[in-house]
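# Close look at the chain arrangement
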Amino acid sequence: MTAPRPTLALLDGYSLAYRAFFALPEDLRTTTGQVTNAAYGFTSMVIKLLDEHPPEALAAVFDKGRPAERTELLPEYKANRKKSPDEFKSQLPLIDEVLEAMGIPRVDLEGQEADDLIASYAETAKADGWDVLVVTGDRDLFQLVDEGDGEHGAVRVLYTRRGISDTIVMDTAAVEDKYGVPPTSYPMLAALRGDPSDNIPGVPGVGDKTASKLLAAHGTLEGIYDNIEQIRGKKVPAMLLEHRDAVMASRIVTTVNRQLPLPRPVEDFRRGEIDAPAVQRLFATLEFRSLWDRLNETVLGAQAEEAAGGFDNEPHRGDTGEIAAWLGKVPGGQPVAVVPTTAGSLPAVEAVAIALAASGADPITARTEVLGEDDRVAVQRLLSGTDDHPLWVHDGKKLHHFARAAGFDEPTEPMIDTEVWAYVLQPSARTYALDKLALEYLSKHLATEEEVQRAGEESGQLGMFETEQDTAWRARAFEAQALFELAEVLDAEVTQRGQADLIRRIELPLIAGLADLERAGITVDGRVLAELGADLEDKVADARSRALVAVEGDERDLEDFQDLGFLDSPKKLQSLLFEHLGLKKTKKIKTGWSTDAAELRKIVEEHPVIQAILDYREYSKLKGTYIDPLLAMVGADRTRRVHAEFNQTVAVTGRLSSQNPNLQNIPIRTELGRQIRRAFVPGEGYDTLVVADYSQIELRVMAHLSGDEGLLDAFGSGEDIHAATAAKVFGVDVADVDNTQRSKIKGMTYGLAYGLSSFGLAQQLSIGRDEAQELMDAYFERFPGVRSYLYGGVEEARRSGYTETLTGRRRYLPDLMSENRQRRAMAERMALNAPIQGTAADIMKIAMNDVRAAMATADWAGDPAPQLLLQVHDELVCEATTADHDQLRDLLVDTMSGVIELAVPLEVDWASGPSWAEAEKH
DNA sequence: GATTCCACGTA
DNA sequence: CGTACGTGGAATCG
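The following refers to the structure shown. Going along each chain's sequence as written, the residues are numbered from 1 onward. Lettering of chains starts at A and numbering of ligands starts at 1, both following the order in which they are written. Selection of residues for local features in this predicted model requires a pLDDT of at least 70, selection of side-chain atom pairs for listing and counting requires 80 or more, and totals for whole chains, interfaces and linings are taken over all residues. Side-chain measures here rest on the full set of heavy atoms in the structure, leaving out hydrogens and waters.

## With respect to the packing of helix H34 (residues 784-800) against helix H35 (residues 821-857)
Angles here are taken between N-to-C directions and fall from 0 to 180 degrees, while the axes themselves are lines fitted to C-alpha atoms, restricted in helices to the stretch in contact. Only DSSP runs of H or I with at least four residues qualify as helices, and only runs of E with at least two residues qualify as strands; both kinds are numbered from the N terminus onward. Contact pair H34 / H35: the axes reach a minimum separation of 9 Å and the direction vectors enclose 110°. By the angle between their directions, the pair H34 and H35 is classed as roughly perpendicular. The chirality of how H34 crosses H35 is right-handed. Contacts between H34 and H35 pair Tyr789, Leu790, Tyr791, Val794, Ala797 and Arg798 from the former with Arg824, Glu828, Ala831, Leu832, Pro835 and Ile836 from the latter. Note on residue classes: Ala, Val, Leu, Ile, Met, Phe, Trp, Tyr, Cys and Pro are nonpolar, Asp, Glu, Lys and Arg are charged, and everything else, Gly too, is polar. By residue class, the composition of the contact of H34 with H35 is nine nonpolar, no polar and three charged. For classification purposes, angles smaller than 35 degrees are called roughly parallel, those larger than 145 roughly antiparallel, those between 65 and 115 roughly perpendicular, and all remaining angles oblique. Two helices that cross are described as forming a left-handed crossing if the nearer one is turned anticlockwise from the farther one by less than a right angle, and a right-handed crossing if clockwise. In this description, contact between two residues means that some pair of their heavy atoms is separated by no more than 4.5 Å.

Take a look at the structure:
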């Protein structure tokens, strides 16, 4: 096998730019009014090329005049081309700038068209052993396509069929398949068939099909005319003869010149690195945001990985006994990085393999099934910490599930968890995958499984790693090595930032607690769900038929809506309500007018279909989002434990999140929705669910952080907080506060912590904007510390670049400096809210750690012992036997209220009962 | 099949 | 023109 040839890609500059110009709308322009559609489309095609067919060399070729011979031979050649519009010409300098920034040479030759120069480059390059890829929207260049042979490279055409993204690579087979002739015959085909875009006349009555047949039968134009008497029919031969001169001239015009002198050698076109900052600046000016993202994720990402070295260790596949031997060689006190591999999902997790890395040794991976007795002892000692090796992990929760599945005891607390560490360092990142972290913090490329496989094959060193599965484990060993090298770097960064305490006191101990929650799950009664589901099915059907009646009763032409598609489609609903029925539009959204419940309620009087839609939405949401998926997990005839995942590294503020299913958004606000909570019950052996929640925790945090004396006083009074606040705002006695006053103040107090505006407050309370503003003014006058805290905090964040919670958890908000008013305002609201929501999250996390510890050491009367099941931001849900009920309740209330000393008391409410719905305070 | 938008459930 | 999430359906993209 010979080495693959390098590829030279040649961009047909005008052809591509022109194609983009007509394919994309002219309203694609910068805020200054410069039209950018051609430059945008051209750049998009270049990025696509670099991503999908990365060439070793690349140049963009342009016309510079037109050879006189062509016009002489065929005066009408390209005569129908309109002078290019100003909107197009003004973009040519932009395209030049793009080429320069991306390091793509631009070539042209005086008095020559790009076609001929491309052909000449292709001819020379293939003779020099290059493969050539011509990128164009011009079919004429199909004539260059060439298979290549031992000496010469191949020539292919990347042709943009339609628009800018529909491309196809044409090789010899593709050309022959499409036109029935070899590529070299294409000019003859074009001469016969004609080409309206170049104003080549062609022979009337001869299209692609006939031209192809004629050439297939007779080989050349000369062949056709020599045998003209053999051609069937009257019209075709007559027309051929009549247009003989034009056909012959067209062939010459269509045939490209492959012999032009080359202005620069091909070697000049070899790709270098893209100057990323220069491209970023240019794209920012041109407002090519999405293109920058695309370039970054594909080409620049690959460029960075290319530049990065890899991990050069030689992993071992551990056979029986080798894990024990490997661990035996790691000196005491030295940390060991552990990467578990599991399969399946809770509760049926399987332990597949374990990978280890440590200082001074090559990493090792072993399948759990080959672990011998010695290995198991060694791994058990490692996981439990008795062998004096600090554990370094990535996603420690997974290690807990692995240990349980493999039959090991519960792992000890890891010393470092790189995923959690990275989350604390950059909470807004989308993922914390090891490869991404390795590139960012170590400038090393972590090979994918495919790359490991390929490297093994190429070096012929597969050896013990012959199978695909072996490749996977080899990749795991590299991950362990990456983790090992990352841990120290991340830990130093965390310490340097002063976040070691946050991480050791809060995040690290939480890992085991979350693993417990996930393993425990919560018992769901499918019979209750099935009953509710049947009921909801009737209600959904009823709402549907009411909607049908409502639109049928309308006089207008509603044929399109008789299928009720609008019930599940906001887009169709907009069309029905605002176009056909002409109802009042209330709130703008990106794609038109909002149809969300709050807006629909404002126009519910205008048409009977609105109420039906609101009902349909409510019922189908409950059934489709909660009942049906849970039923699918549980079964309609039994109870079963459902195991959600609790994510520790998702929410930017420091909260947890829950998924598969999300058990943090089970309905409670409406009576019907609340019924779903009847299906959440104590598990086998347990009698009751015990729920404890923080009362108004975010408000208390705000009072503490702001230190506002009025608010502290209101909390200290022991009165109802909203009534007490209202009394101060309205200057009346607490006893004289009426319900309207209380609810207005309640709405505002909660809204404040979200960055509520007077406009938003007016919306929410259905009051005038003036009244809302007066309310806010009165509030801030009475509680000046709240205002200075909220807005002072935003300014501090603008200076430092981040917000901070009570424990030092940060959130970075670069948009606080944005030039864009909307983005900046959004960032300001985030900055306002993040310390409050985040501090509340910190408090709850500490509570979870403390509760878990207290529950573990408590002396329980009942059996089984109570366990924690859920965390819902300010609430913990446990299950217990009757015997343990009171003790657990007291433990929860005492522990939760005692986690931290704030300037206001942390109040904890509790409730319990035979289901989550029936958990009431006794 | 993957991604985006809208809507909506919770704190 | 109020923060933080996850999920489901439709529409859209490639």
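## As for the protein's contact with DNA strand C
A cutoff of 4 Å decides nearness: a residue is near a molecule or strand if any of its heavy atoms lies inside that distance of it. Around DNA strand C lies a shell of 35 residues, among which Val652, Ser657, Asn660, Ser757 and Arg811 are the nearest. The sugar-phosphate portion of DNA strand C accounts for 73% of its atoms within 4 Å of the protein, the bases making up the rest. Residue contributions to the surface near DNA strand C peak at five residues, all from H35. For the surface near DNA strand C, the per-class residue count stands at 10 nonpolar, 18 polar and seven charged.

## Some details on the protein's contact with DNA strand B
The environment of DNA strand B is formed by 21 residues, the closest being Thr595, Ala597, Lys621, Ile668 and Arg669. Counting only atoms of DNA strand B within 4 Å of the protein, the sugar-phosphate share comes to 79%. With respect to DNA strand B, the side chain of Asp874 contributes an N or O atom lying 2.9 Å from a sugar or linking oxygen. No other element matches helix H26 (residues 608-634), which puts three residues into the surface near DNA strand B. In terms of residue class, the surface near DNA strand B is built from eight nonpolar, six polar and seven charged. We call two N or O atoms a polar contact when they sit within 3.5 Å, provided that within protein one can donate a hydrogen and the other can accept it, with sequence-adjacent residues counted only if both atoms are side-chain atoms.

## Considering the sheet that holds strand S10 (residues 350-358)
Read across the open sheet, the six strands follow the order S8-S11-S10-S9-S12-S13; overall the sheet is mixed. The sheet is open, and its two borders are formed by strand S8 (316-317) and strand S13 (416-417), each paired with just one other strand. Pairing between S8 and strand S11 (residues 364-367): two bridges, direction parallel. Opposite Arg317, over in S11, you have Thr365 as the bridge partner. Two strands are counted as paired when DSSP detects at least two bridges linking them.

## Some thoughts on the nonpolar core
Membership of the largest hydrophobic core comes to 160 residues, with the highest contact counts inside it found for Phe566, Leu577, Val609, Tyr694 and Tyr779. Ranked by the residues each element gives to this core, the list is headed by H26, at 13 residues. Not counting residues within four places of it along the chain, the set of residues in contact with Leu577 comprises Gly582, Leu583, Leu600, Val609, Ile610 and Ile613. Residues belong to one nonpolar core when they are buried, are Ala, Val, Leu, Ile, Met, Phe, Trp, Tyr or Cys, and are joined through side-chain atoms within 4.5 Å. Relative accessible area decides the class of each residue, using a 1.4 Å probe on protein chains only: under 20% of the type maximum gives buried, over 50% gives exposed, and in between gives partly exposed. Of all hydrophobic cores here, the second largest spans 52 residues; its members include Ala114, Val181, Ala191 and Phe269.

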